[in-house]
Number of protein chains: 2
Amino acid sequence: MGIVKPAYPCMLTLAMDLVGGKWKMVILWQLRNGIFRFSELKRVLIGITQKMLTQQLRELEDAGIIIRTVYPVVPPKVEYSLAEEGKKLIPALDALCQWSTNYAASYGIAQSTCCSAQQEERSLTGV
Amino acid sequence: MGIVKPAYPCMLTLAMDLVGGKWKMVILWQLRNGIFRFSELKRVLIGITQKMLTQQLRELEDAGIIIRTVYPVVPPKVEYSLAEEGKKLIPALDALCQWSTNYAASYGIAQSTCCSAQQEERSLTGV
DNA sequence: CTCCATAGTTTCTTTTTTGTAACTATATAT
DNA sequence: ATATATAGTTACAAAAAAGAAACTATGGAG
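To keep things clear, this report deals only with the structure shown in the data block. (Residues numbered from 1 in each chain as written. Chains lettered and ligands numbered in written order. Predicted model: local features only at pLDDT ≥ 70, side-chain atom pairs only at ≥ 80, totals over all residues. Heavy atoms only, no water.)

1. Regarding the relation of the copies chain B and chain A
Move 1: With an RMSD of 0.0 Å, the fit of chain B onto chain A corresponds to turning through 180 degrees and sliding 0.0 Å along the axis. Such a turn and shift between the copies fits a two-fold axis. Among all residues of chain B, the one whose C-alpha sits closest to the rotation axis is Ala92 of chain B, at a distance of 2.9 Å. (Least-squares fit on C-alpha atoms with pLDDT ≥ 70 in both.)

2. Regarding the environment of Ile3 of chain B
Residues and elements named next belong to chain B.
Move 1: Within the fold, Ile3 resides in the segment before β1 (7–8).
Move 2: Separated by 60 residues in the primary sequence, Ile3 and Ala63 place their C-alpha atoms 9.0 Å from one another.
Move 3: Ile3 has contacts with Tyr8 and Asp17, leaving out every residue within four places of it along the chain. (Helix = DSSP H or I, 4+ residues; strand = E, 2+ residues; numbered from the N terminus. Contact = heavy atoms within 4.5 Å.)

3. As for unusual backbone geometry
Move 1: With omega at -5 degrees, the peptide bond leading from Val74 of chain A into Pro75 of chain A counts as cis.
Move 2: In this fold, Pro75 of chain A is placed in the loop between β3 (66–71) and β4 (77–82).

4. What about the packing of helix α2 (residues 24–31) of chain A against helix α4 (residues 50–62) of chain A?
Residues and elements named next belong to chain A.
Move 1: Running from N to C, α2 and α4 cross one another at 75 degrees; their axes reach a closest spacing of 10 Å. Comparing the axis directions of α2 and α4 gives the class roughly perpendicular. Between α2 and α4, the residues in contact are Lys24, Ile27 and Leu28 and Leu53, Gln56, Leu57, Glu59 and Leu60, respectively.
Move 2: Among the residues forming the contact of α2 with α4, the class breakdown is five nonpolar, one polar and two charged. (Axes fitted to C-alpha atoms, helices over the stretch in contact; angles between N-to-C directions. Parallel < 35°, antiparallel > 145°, perpendicular 65-115°, else oblique. Nonpolar A, V, L, I, M, F, W, Y, C, P; charged D, E, K, R; others polar.)

5. Structural notes on the sheet that holds strand β3 (residues 66–71) of chain B
Consider a sheet: its strands pair through backbone hydrogen bonds, and that pairing is either parallel or antiparallel.
All names here are of chain B.
Move 1: The strand order β2-β4-β3 describes an open sheet built from three strands, whose pairing is antiparallel. The sheet is open, and its two borders are formed by β2 (36–37) and β3, each paired with just one other strand.
Move 2: Bridge count for β3 against strand β4 (residues 77–82) is six bridges, and the pairing is antiparallel. The residue bridging Ile67 from the neighbouring strand is Ser81, located in β4.
Move 3: Taken strand by strand, helix α2 (residues 24–31) contacts β2, β3 and β4, and its axis lies near 90 degrees from that of β4. (Pairing = 2+ DSSP bridges.)

6. So, the interface of chain B and chain A
Move 1: Counting from both sides, the interface comprises 46 residues of chain B and, opposite them, 46 residues of chain A.
Move 2: Surface buried jointly by chain B and chain A totals about 3,700 Å² across both partners, of which 74% is contributed by carbon and sulfur atoms.
Move 3: If you sort the residues of chain B by the area they bury against chain A, Met11, Leu12 and Trp99 of chain B come out on top, with a joint share of 20%.
Move 4: Viewed at the interface, chain A and chain B are joined by zero salt bridges.
Move 5: Seen at the junction of chain B and chain A, the total is twelve residue pairs in polar contact (both at pLDDT 80 or more).
Move 6: Counting residues per element, the ones that place at least two in the side of chain B that touches chain A are β1, α1 (11–19), α2, α5 (84–107) and β5 (110–111) of chain B. (Buried area = accessible area lost by both parts, 1.4 Å probe. Salt bridge = Lys/Arg side-chain N within 4 Å of Asp/Glu carboxyl O. Polar contact = N/O pair within 3.5 Å; in protein donor to acceptor, adjacent residues only side chain to side chain.)

7. With respect to the packing of aromatic side chains
Residues and elements named next belong to chain A.
Move 1: With the rule as written, the count across this model stands at four aromatic pairs over all chains.
Move 2: Centre to centre, the rings of Trp99 and Tyr103 are 5.5 Å apart; their planes meet at 40 degrees, and the pair counts as tilted. One end of the pair is Trp99 and the other is Tyr103, both in helix α5 (residues 84–107) and four residues apart, which spans about a single turn.
Move 3: Plain terms: the ring middles of Tyr103 and Tyr107 are 4.3 Å apart, the flat faces sit at 15 degrees to each other, and that makes the pair stacked. Of the two residues, Tyr103 and Tyr107 both sit in helix α5, four residues apart, roughly one turn of that helix.
Move 4: With relative accessibility at 42%, the residue Tyr107 sits in the partly exposed group.
Move 5: Among the aromatic residues, those joined into a ring-pair cluster are Trp99, Tyr103 and Tyr107.
Move 6: The ring of Tyr71 has Lys77 sitting right over it, with the charged end atom 5.1 Å from the ring centre. (Phe/Tyr/Trp six-rings, centres within 6.5 Å; stacked < 30°, edge-to-face > 60°. Buried < 20%, exposed > 50% of the residue type's maximum accessible area, 1.4 Å probe, protein only. Lys NZ or Arg CZ within 6 Å of the ring centre and 35° of its normal.)

8. A word on the sheet that holds strand β2 (residues 36–37) of chain A
Residues and elements named next belong to chain A.
Move 1: Overall, antiparallel pairing links the three strands, which are arranged β2-β4-β3 in an open sheet. The open sheet has two edge strands with one neighbour each: β2 and β3.
Move 2: The sheet contacts of α2 involve β2, β3 and β4, and relative to β4 the element is tilted by about 90 degrees.

So, in structure tokens, the structure goes:
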């Protein structure tokens, strides 16, 4: 993943190359709530390692799906947000999320919170 | 993949467990066109190996996403089609597909055919 | 009696992805 | 002089996914 090939037989395979894997969609799903710093993402994406987070963020940035803004301060401050391509993807992720939520309900699979369209706001309201 | 866990922090990770990986979505995308035999799927999913195809089909069946119908004849005849959960997923895949098609257009990535909602029909029209 | 077609298995290998842990840089505060 | 916070890197190891190739079963055709 992260490496976009020159051609695809099915556009779904391109989608998987761009946002497949264990973390990318979850990152984007979080970013739909607004702007987040690296450390905030790390805190909220439970279980992700520093290496994975940087790696996935970098690939998403390279693909033009998210925007990375570096502030030249010390200690470092870097903010992440959805680029246009990323925003356009949210409805698809939403559909996927609703499908699996419904699936989980049918099959008695537990979920904790998240996914239900709003998290704890912030960033949106500008805290 | 293929192994559904008892709980998920984000439903998108459940979706990835259910239909992530290199082939599952592509298989489902094909099956949206109707009923296919094993050998037909193998022919149309260019590059997939026999092992991969059976494995992915079996996992999708176990998840209740597709239906596998075995005809007790020789040589064997097995047909695959979307189960209800699979049909419900198609709109999400469609959204994903449109997103990546649009993305590919913006970034000059080539596609061959597929994805554009109809393939060559058949099975639907009942050939 | 041998071959064919279909839908698989099985074993082994390679590749990809993910994870762990330690290390870096630097302005500011103490 | 030393510790602190943030956003990383790097080298290595483990695990998971994918692929290759050969093998299986069986009724009917020739």
